[in-house]
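# Observations on chain architecture
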Amino acid sequence: MPATALNIDHITHAYNGNTVLDRVSLKLDTNGFFTLLGPSGCGKTTLLRIISGLETPDEGSIWVENRQVCGNGSRVSPRERGVSMIFQRLALWPHLTVYENIELGLKANGIPHSKRKAVIDNLLERFFIHRYAMRFPHTLSVGEQQRVALCRALALKPRVLLLDEPFSHLDWMLKEELIELIKGLDATVLMVTHDQMDALKTGGTLGIMNDGKILQTGSCREVVTQPATEFVDDYLKPLRGLINR
Amino acid sequence: MIDPVNAPRQPSCTGEKTWFTRAARYQQPVTIGIAVICFCIIAIGPLIALMPSTAGIHDILCRWDRFVGIKPLTFMLNGVGVGFISAVVALGLGVPAGLVIGQKARPFHALWPVLFFLPLAIPPYLAASCWIALTGRNGILPDMVVHLLSFDPGAPWLSGWSGSGIILGACYFPIPLFLVISGLKAQDPAHEEAALFSMTPWQTLRKISLPLLLPHLSTAGLIVFLMGMTNYSVPSLLGVRTMTVKIFSFFSIYKDPTGATALAFPMLAIGGLSAVLLHRLTRNRAFFSLDRGGPTVEIARFFLHPAFRIPAISIPVVITSAPVLYLTWKTGSLQNLGLAVQQIEHSVLKTCVLAALGSLCLSLLALVLGYAIDRLAHLRKGWLSALFFLPFCLPSVLLGIGIIYQWNQLPTQWVYSSSVIIVILWGAKYLPLAQRLAADHMKQIPVEFEAAASLSGLTWFNIAARILWPLSRPGFLVVWATTYIFCISELGGTLLVIPPGADTLPVRLFNMMHYGSSSMVAALGLLMIGLTALPLLLMAVYGRIVQPFPATAQPTRNND
C-alpha cells in the first residue's frame, strides 16, 4: 500500500461567519498527482492556503508524511512544513533577478554557495530558462515566468507541491509541456483548478469540490463515468465525450 | 428597415480617409506637443534664463574669490545639513505611522489622511514660530520644566541648521507617510507568502517586504531632503545662512543679480545630482500608487504590535496638533479671527482662487505630461527624465530669479505685471513633481484599455475623455491636492516675483510675523491652515464616492 504524503482530516474554515470549507478530508499518496476540480469560489484556494500554513483552519488537522503540522492547538510555520506552492499570479519577487528569486530560499536555509549554484543551474537547465538567469521577472513571457516559479518552488525539494490554478494564463501547448514537466517531478502534487480540460490532461486522481465540500474522489475515468451526485454529473459533462472516445 | 448586408459601410471601415480621420491622427501628438512646450516655457525656461551673458561671466570671473572658499562652502553645508536632518526627522516620524495606517482600515479611516495632511497645510515658517514659542528659550515648555522640575534646559535646541531641519522634518513627515501607504497598497501579499515557504518571518521582512518598499522610502527621503535644503523661510527665520538664503540676499538686498547667479551654480549641480539619483533609485517604478493591495503579512506582524503602533501614531498626532492648538490659544477669540479676515479679505480670496485655479491648470498639464512620459519611451530616457525633474530640486528663490529674467521683458510685460506670474512660479517649482505623480498614476492604467478603445474606433480625444479621464480621476485629485497645498503656502519665490498690490496670504503672513501683533499672526495662521485643509476635507468626502479602480492585470509582457 502506498505511503500517505498528505493527510487532511475534517478541515473546517469560515470567513466572517461564512463557511468556506466544511469538514474536508483528503489523503494523497506519495509521489501522486491529485487534481482538485471545482467552480470558482468553492474553497479550493483556501484549502491550499491552509495546507501550506498561510492560514489556520477553525477545526481539523493536517499531516505531512506522518508529521502533524496543524491541529490540536499546534501549528507548524509554512517553511517547516516541507511544502511549496505556486501561486495563481506566480508572486515572483520583482526586485530580484530570476537567479536571485530561486537562490533566496536556499540562502535563507543556509545552503552553501557552491551547492546553491549547482542546484540552481540544474533547475534552470532542466526547465530551459538558463538564458534568463540574470533577467528580471517582468521582462519574461508568462510561460517563462511560470517556469521560474516552478524552479523556485522546487529548489528546496518540497515533499508536497501545491499548484493554485497554475495554467490559467497559458496556451494549450505550453500547458501540456508544463504538465509533463510537473508529472516527472519527484514530489507529491496537489493542483487546484476550475478548468475541466486541465484536470483531464493531468491524469492522476481527481477530486470534485463544491460549496466547501469534496463531493467525490477517484480516477478521472471513474469520476467522469460514475458521478456520485447531480452536481458532479453536470460539472463533468464536457469531459464525458473525451473519456468515452 | 436597414438591410444589414447592403447597408452603406462607415467611411472608417472602408478605409476611406475623410478630413476628420486624418485630423484625428494628430490629436495625440499635438496635445502632447503643446503640453511639452508649456512645460519647457514654464519650468525649463527660467533655468535657461539663469545662464549668465558673456558680460555676466566676465563679472563672475573678476569676483571669483567671493564665490569660492570657506564661506560659500559653509552656506552649502548648512543647506545640506538642514536637508539631511529634515529627511531623517520626516522619515523617523512618517515611516512608522505609514506602516501602521497603511496596514489596516481603522475607525474614521477617511479622516486619518486629512489629519496627517495637516502638517503640510501649516506653512513651515508658521510652524517654526509656533515651535519656537513652545520650546524655544523662554518658551512655554521650558518655563514649565523650570517651574515644575527646577531644571534649566540650557541653550535652545531649536536653533541653527539642526533646529531648521527638525522643524522642516516635522512639517514634511506626511510625504514619507503617504508614500509608505502608497507602497503598501502597491504590494502583493503573495510576494511575502511565497517567501514564507523558505524563510523566517524576520528574513522575509528584511529580504522581501522592506526592499519592495525601498523605492518609496528613498524617494520620500530624497524629496524631503530637497525641500529642506531649498527652503527659504525657516532658515531665514532662524538666522541660518544657507545657500538659498544667500541667493535671496544677493538678489533682493545687495541688488547683485550676477552674484546670485554665481551662487546658483552649486545649487544647480546638487539639484541635477539629486534628479539623477531619484531616477536611478526609482528606475521606472512607480513611487505613488492608488492600487489596493492586501495587508502585507510580515509588515503587519512586526509593526502592528501595540508597543510600536501607539508611539508611531501618537507622536505624529502630537506634532500635528501642537501648532494648531497653540495658534488657537494665541488667537484668543473668534472676534480676533473675524478681525483678521476683515483686514486681509482681498488677499484671502485672491490667494484661494489663484491657488485653486493655478493648481487645476497645472494638474491638467501634469496629467498630459504624465501620460506622455509613461507612454512614449523616448521621454523616459534617463537624462530627459532627470531634466524634467530638475526644477523641483532647485530653490524657488532661484527659479524666481530665472522667471524675472525670462518674463521681465517688454513683449511679456503684461504677464510679468499680472498675478499669472505667481502661477508660473508655482508651475516652475511644482509641475515637475506633479507630472511625476501623474506619470506614476498613468503607469497603473494598462495600455490595453487604450488599444481596445482605439480598435473600437474611438479617436484619441474620445479615448482621453471616456477611458483615460475616468480612470485617472482619483490620481488627478491627488495631484491637484498636492499642487494646491504646496502652491498656497509657497513663499521664497513669491516674495521675489509678486507684482505690486497683489500680495498673497503667505506673503502677508510672513511680513506680519516681523511687525504684526501675535494674535493677528495666529489668526491669520489659523485661516491659512483652514483654507488649505478645507479642499482636503471635501476631497476626503469625495474620495469615498470616487474610488480608485481595482488593481488590474499586472504589466507583464507576453512573448508567447
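Residues numbered from 1 in each chain as written. Chains lettered and ligands numbered in written order. Predicted model: local features only at pLDDT ≥ 70, side-chain atom pairs only at ≥ 80, totals over all residues. Heavy atoms only, no water.

### Here we look at unusual backbone geometry
All names here are of chain A. Unlike most non-glycine residues, F128 shows phi in positive territory, near 60°. Here F128 lies in the loop between α3 (113–126) and α4 (142–154). Overall, the relative accessible area of 53% leaves F128 in the exposed class. With phi around 50°, D211 is a residue other than glycine that occupies positive phi space. Looking at the secondary structure, you find D211 in the loop between β10 (205–210) and β11 (213–219). (Helix = DSSP H or I, 4+ residues; strand = E, 2+ residues; numbered from the N terminus. Buried < 20%, exposed > 50% of the residue type's maximum accessible area, 1.4 Å probe, protein only.)

### Quick word on the pattern of salt bridges
All names here are of chain A. Enumeration over the complete set of coordinates arrives at 17 salt bridges over all chains. Among the ionic pairs, R116 bridges to E103, the shortest N-O distance being 3.2 Å. Taken together, the residues R116 in helix α3 and E103 in helix α2 (residues 98–108) connect sequence positions 13 residues apart. By relative accessible area, E103 is classed as buried at 10%. With a shortest N-O distance of 3.3 Å, D198 and K175 are connected by a salt bridge. Pair noted here: D198 is in helix α6 (residues 196–202) and K175 is in helix α5 (residues 172–183), with a separation of 23 residues, a long-range link. (Salt bridge = Lys/Arg side-chain N within 4 Å of Asp/Glu carboxyl O.)

### Comments concerning the nonpolar core
As a rule of thumb, soluble globular proteins bury nonpolar side chains together. If you look at the biggest cluster of nonpolar residues, it comprises 158 residues, and the most contacted ones within it are B:I175, B:I247, B:I421 and B:W426. The element that contributes the greatest number of residues to this core is helix α24 (residues 420–443) of chain B, accounting for 15 residues. Beyond its immediate stretch of four places on either side in the chain, B:I175 contacts B:L120, B:A220, B:I223, B:V224, B:M227 and B:F486. Within the second largest apolar cluster, 41 residues are counted, among which are A:L21, A:L48, A:V160 and B:M199. (Core = buried A, V, L, I, M, F, W, Y, C linked by side-chain atoms within 4.5 Å. Contact = heavy atoms within 4.5 Å.)

### Here's the deal with the packing of aromatic side chains
Applying the stated criterion to the full structure yields 16 aromatic pairs over all chains. A centroid spacing of 6.1 Å and a plane angle of 75° characterise the contact between B:F116 and B:F173, whose relative ring orientation is edge-to-face. One end of the pair, B:F116, is in helix α7 (residues 111–121); the other, B:F173, is in the loop between α10 (160–172) and α11 (174–186), with 57 residues separating them in the sequence. Ring centres of B:Y326 and B:W329 lie 5.9 Å apart, and the angle between their planes is 50°; this geometry places the pair in the tilted category. Taken together, the residues B:Y326 and B:W329, both in helix α18 (residues 306–331) and 3 residues apart, mark about one turn of the helix. By relative accessible area, which is 13% here, B:Y326 ends up buried. Judged by its relative accessible area of 57%, B:W329 is exposed. An aromatic cluster is defined as three or more aromatic residues linked by ring pairs; in this entry it consists of B:F389, B:F392, B:Y430 and B:F486. Directly above the aromatic system of A:W93 lies the positively charged group of A:R152, at a separation of 4.4 Å from the ring centroid. (Phe/Tyr/Trp six-rings, centres within 6.5 Å; stacked < 30°, edge-to-face > 60°. Lys NZ or Arg CZ within 6 Å of the ring centre and 35° of its normal.)

### Looking at the side chain of B:T494
All names here are of chain B. With respect to the helices and strands, the residue T494 is situated in helix α27 (residues 492–497). According to the relative accessible area criterion, T494 is buried, its value standing at 1%. Excluding residues within four positions of it along the chain, T494 makes contact with I422, L425, W426, T504 and V507.

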